[in-house]
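# Analysis of the macromolecular model
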Amino acid sequence: MTENHTAPAQTAVALRRHAHGVSEIVLNRPEKRNAFDDVIIGQLLNVLAEVDADSNTSVVIIRSAGKHFSAGADLDWMRRMADNSHQENLDDARQLARLMQRLNQIRQPVIGLVQGAAYGGAVGIAACCDIVIANEKTRFCLSEVKLGLIPAVISPYVVRAIGERQARRYALSAEVINAWEAEKLGLVHIVCDDIDAMDSCCETMLQQLAQNGPGAMQAAKDLVLAVSHKPIDDTILEDTAQRIADIRVGVEGQEGLSAFLDKRHAYWMPETS
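On a predicted model such as this, the values are computed, not experimentally measured, just so you know. (Residues numbered from 1 in each chain as written. Predicted model: local features only at pLDDT ≥ 70, side-chain atom pairs only at ≥ 80, totals over all residues. Heavy atoms only, no water.)

### Some words on the environment of Ile154
Take Ile154: it is sitting in the loop between strand E8 (139–141) and helix H5 (155–162). Accessibility expressed as a relative area gives 2% for Ile154, which makes it buried. Sequence separation of Ile154 and His86 is 68 residues, and the distance between their C-alpha atoms is 19 Å. When near neighbours in sequence (up to four residues on either side) are disregarded, Ile154 contacts Met100, Gly120, Gly121, Gly124, Leu142 and Glu144. (Helix = DSSP H or I, 4+ residues; strand = E, 2+ residues; numbered from the N terminus. Buried < 20%, exposed > 50% of the residue type's maximum accessible area, 1.4 Å probe, protein only. Contact = heavy atoms within 4.5 Å.)

Structure (structure tokens):
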């Protein structure tokens, strides 16, 4: 990837722009194991809103600096929350809920690169990504019950990622889940040997996604969210029929079909393809 712009290094969340419509969001507190607090949550919300609104971004990568993806909630933040009122805790929880919703529903495909520890809320972030790449040393844990808490606002996404039965086990036990088990559960899609291999795998995935229409990928993501856990009734049949009819007569649909029939590359494909 060729980097075009990097946000200031001192920010807790850095936004890096790369060539070919790739935007990279980096949790940038390695000295704190990229633990979450209200500042990071606010910065992530702002960066995600910026990327979501950017018509030049076709793919998003979310990753962390340092050895660990995220150790979960920052201890100082937790101490402050323990002294806060119920209303203040509710407001804090709503912000984290908004973050998960924003990440889950962002228009573009999101690739999560997860190394080291991914505990607590970090499991929620992984569950909200469309494609998750980890390595053999990556470890996940729904650790909240160890602190007398629950994985509340991340639960809708974790349950959808790994299913109710497995979520019941791991939310109750707080067992550490290794990368291979996370892959079996559906939380991780690809397990690599090490961090370098993760980067290589990410590059391969970016090349794969570059073959696809950016608008079509966004529409496909919205489609999956729309039909997930819905009854297959007349409403869903009509909705899906409308979606394919709309995209067939759209610019990308027309171009994609013409390119296929003419045996040429569609306009969105990189010149190197």
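### Digging into the packing of aromatic side chains
Using the criterion set out here, one finds 1 aromatic pair in the structure. Measuring from ring centre to ring centre gives 5.3 Å for Tyr267 and Trp268, while their planes differ by 75°; the resulting arrangement is edge-to-face. Overall, the relative accessible area of 19% leaves Trp268 in the buried class. (Phe/Tyr/Trp six-rings, centres within 6.5 Å; stacked < 30°, edge-to-face > 60°.)

### Describing the state of the cysteines
The tally for this structure, following the rule as stated, stands at 0 disulfides. Free cysteine Cys141: the closest other cysteine sulfur is in Cys128, separated by 18 Å. No disulfide involves Cys202; its nearest neighbouring cysteine sulfur is the one of Cys201, lying 7.5 Å away. (Disulfide = S-S within 2.5 Å.)

### Some remarks on the pattern of salt bridges
Tallied over the entire structure, the rule returns 20 salt bridges. The salt bridge involving Lys221 is made with Asp130; its shortest N-O contact spans 2.8 Å. Here Lys221 is found in helix H9 (residues 214–227), whereas its partner Asp130 is found in the loop between helix H4 (121–128) and strand E7 (131–135), with 91 residues between them in sequence. By relative accessible area, which is 11% here, Lys221 ends up buried. On the basis of relative accessible area, Asp130 is assigned to the partly exposed category, the value being 30%. (Salt bridge = Lys/Arg side-chain N within 4 Å of Asp/Glu carboxyl O.)

### As for the side chain of Ser70
Structurally, the position occupied by Ser70 is in the loop between strand E4 (59–64) and helix H2 (75–83). Polar contacts involving the side chain of Ser70 include one to the main-chain carbonyl oxygen of Asn34, which spans 2.8 Å. Setting aside chain neighbours within four positions, we find Ser70 in contact with Leu27, Arg33, Asn34, Ala35, Phe36, Ala117, Ala118, Tyr119 and Ala122. (Polar contact = N/O pair within 3.5 Å; in protein donor to acceptor, adjacent residues only side chain to side chain.)

### Some details on the sheet that holds E8
Read across the open sheet, the 3 strands follow the order E6-E8-E9; overall the sheet is mixed. Across the chains shown, the open sheet's two edge strands, defined by having one partner strand only, are strand E6 (117–119) and strand E9 (177–178). By the bridge criterion, 3 bridges tie E6 to E8 in an arrangement that is parallel. Looking at the pairing, Tyr119 lines up with Cys141 of E8. Each of E6 and E8 touches H4; the most contacted strand, E6, lies at about 95° to it. (Pairing = 2+ DSSP bridges. Axes fitted to C-alpha atoms, helices over the stretch in contact; angles between N-to-C directions.)

### Side note on the packing of H9 against helix H10 (residues 234–248)
Orientation of H9 relative to H10, taken along the N-to-C sense of each, is 180°, at an axis distance of 11 Å. Considered as vectors, H9 and H10 are oriented roughly antiparallel to each other. Residue-level inspection shows Ala216, Ala219, Asp222, Leu223, Ala226 and Val227 of H9 in contact with H10, the latter providing Ile236, Asp239, Thr240, Arg243 and Ile247. Its residues placed into classes, the contact of H9 with H10 shows 7 nonpolar, 1 polar and 3 charged. (Parallel < 35°, antiparallel > 145°, perpendicular 65-115°, else oblique. Nonpolar A, V, L, I, M, F, W, Y, C, P; charged D, E, K, R; others polar.)

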